[in-house]
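Commentary on secondary and tertiary structure
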Amino acid sequence: MKMLDYLPLVSLCVGGWAVVNGILHDVFVLLSEHGKKYDRDLLRLLMDGHILITCGVMQMLAYTGLRGNENWGYYVSGAACISLLVYCAMIFPFLKSMFTILLNAALLVLLIINFSKQ
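Report on the accompanying structure. (Residues numbered from 1 in each chain as written. Predicted model: local features only at pLDDT ≥ 70, side-chain atom pairs only at ≥ 80, totals over all residues. Heavy atoms only, no water.)

The next subject is the overall build of the protein chain. Tallying secondary structure elements over the protein chain gives four helices and zero strands in all. Mapped in sequence order, the helices and strands of the protein chain form the string α-α-α-α. Summarising its shape, the C-alpha atoms of the protein chain cover approximately 50 × 25 × 20 Å along the three principal directions. Here the analysis covers contacts within the protein chain between residues at least 6 apart in sequence; of these, 65% occur between residues at least 24 apart. Charge separation in the protein chain, taken as the distance between the mean sites of 8 positive and 7 negative side-chain charges, equals 5 Å. (Helix = DSSP H or I, 4+ residues; strand = E, 2+ residues; numbered from the N terminus. Contact = heavy atoms within 4.5 Å. Lys, Arg positive; Asp, Glu negative; His and termini not counted. Charge placed at Lys NZ, Arg CZ, Asp CG, Glu CD.)

Further remarks concern helix α2 (residues 40-67). The end-to-end C-alpha separation of α2 is 41 Å, in line with the 40 Å expected for 28 residues at 1.5 Å each. Of all the bends in α2, the greatest measures close to 25 degrees and is centred on Leu 61. Taken residue by residue, α2 has Leu 42, Leu 45, Asp 48, Gly 49, Leu 52, Cys 55, Gly 56, Gln 59, Ala 62, Gly 65 and Leu 66 as its buried positions. Buried residues along α2 sit in contact with α1 (7-31), α3 (71-91) and α4 (98-116). (Expected span 1.5 Å × (residues − 1). Bend = angle between axes of the 7 residues up to and from the residue. Buried < 20%, exposed > 50% of the residue type's maximum accessible area, 1.4 Å probe, protein only.)

A few words on the side chain of Ser 77. As for its placement among the helices and strands, Ser 77 is situated in helix α3. A polar side-chain atom of Ser 77 sits 3.0 Å from a polar atom in the side chain of Ser 11. Other than its neighbours up to four places away in sequence, Ser 77 contacts Ser 11, Gln 59, Ala 62, Leu 66, Leu 107 and Leu 111. (Polar contact = N/O pair within 3.5 Å; in protein donor to acceptor, adjacent residues only side chain to side chain.)

Looking at where Ser 32 falls in the secondary structure, it is placed in the loop between α1 and α2. Residue classification places Ser 32 among the partly exposed residues on the basis of a relative accessible area of 23%. In this structure, the C-alpha to C-alpha distance between Ser 32 and Leu 42, residues 10 residues apart in sequence, is 10.0 Å. A polar contact of 2.7 Å, which involves the side chain of Ser 32, links it to the backbone oxygen of Val 29.

This next bit is on the nonpolar core. Counting 11 residues, the largest nonpolar core is built from Leu 7, Val 10, Val 14, Ala 62, Leu 66, Tyr 74, Cys 81, Leu 107, Leu 108, Leu 110 and Leu 111. If you list the elements that add at least two residues to this core, you get α1, α2, α3 and α4. Ranked by residue count, the leading element in this core is α4, at four residues. Leu 7 has contacts with Leu 66, Tyr 74, Leu 107, Leu 110, Leu 111 and Asn 114, leaving out every residue within four places of it along the chain. (Core = buried A, V, L, I, M, F, W, Y, C linked by side-chain atoms within 4.5 Å.)

Dropping the structure here:
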């Protein structure tokens, strides 16, 4: 089997990584000092976790479409990768999420290669 044959599983795992990190982020924010007061800072921090969870779920849902080599699977997973890469670029001065960048860049490259071969 070629690496591209594992594309659906890669999308599922990268998405799972984002979902777990988003949930952990929100849990730790709520347990921190920020979680004691409902304000703009708390909402902004919770939105960071929400972005991770939402994009991760999109990548996980794309598993079915990618397994069937359907275009929507590529579009959904690709949109989530691009969204997470933009998010990581925006927070890079504060948090250098190199592993998240690496995972999503690699998945995006695999998506583009496999999509161009169909």
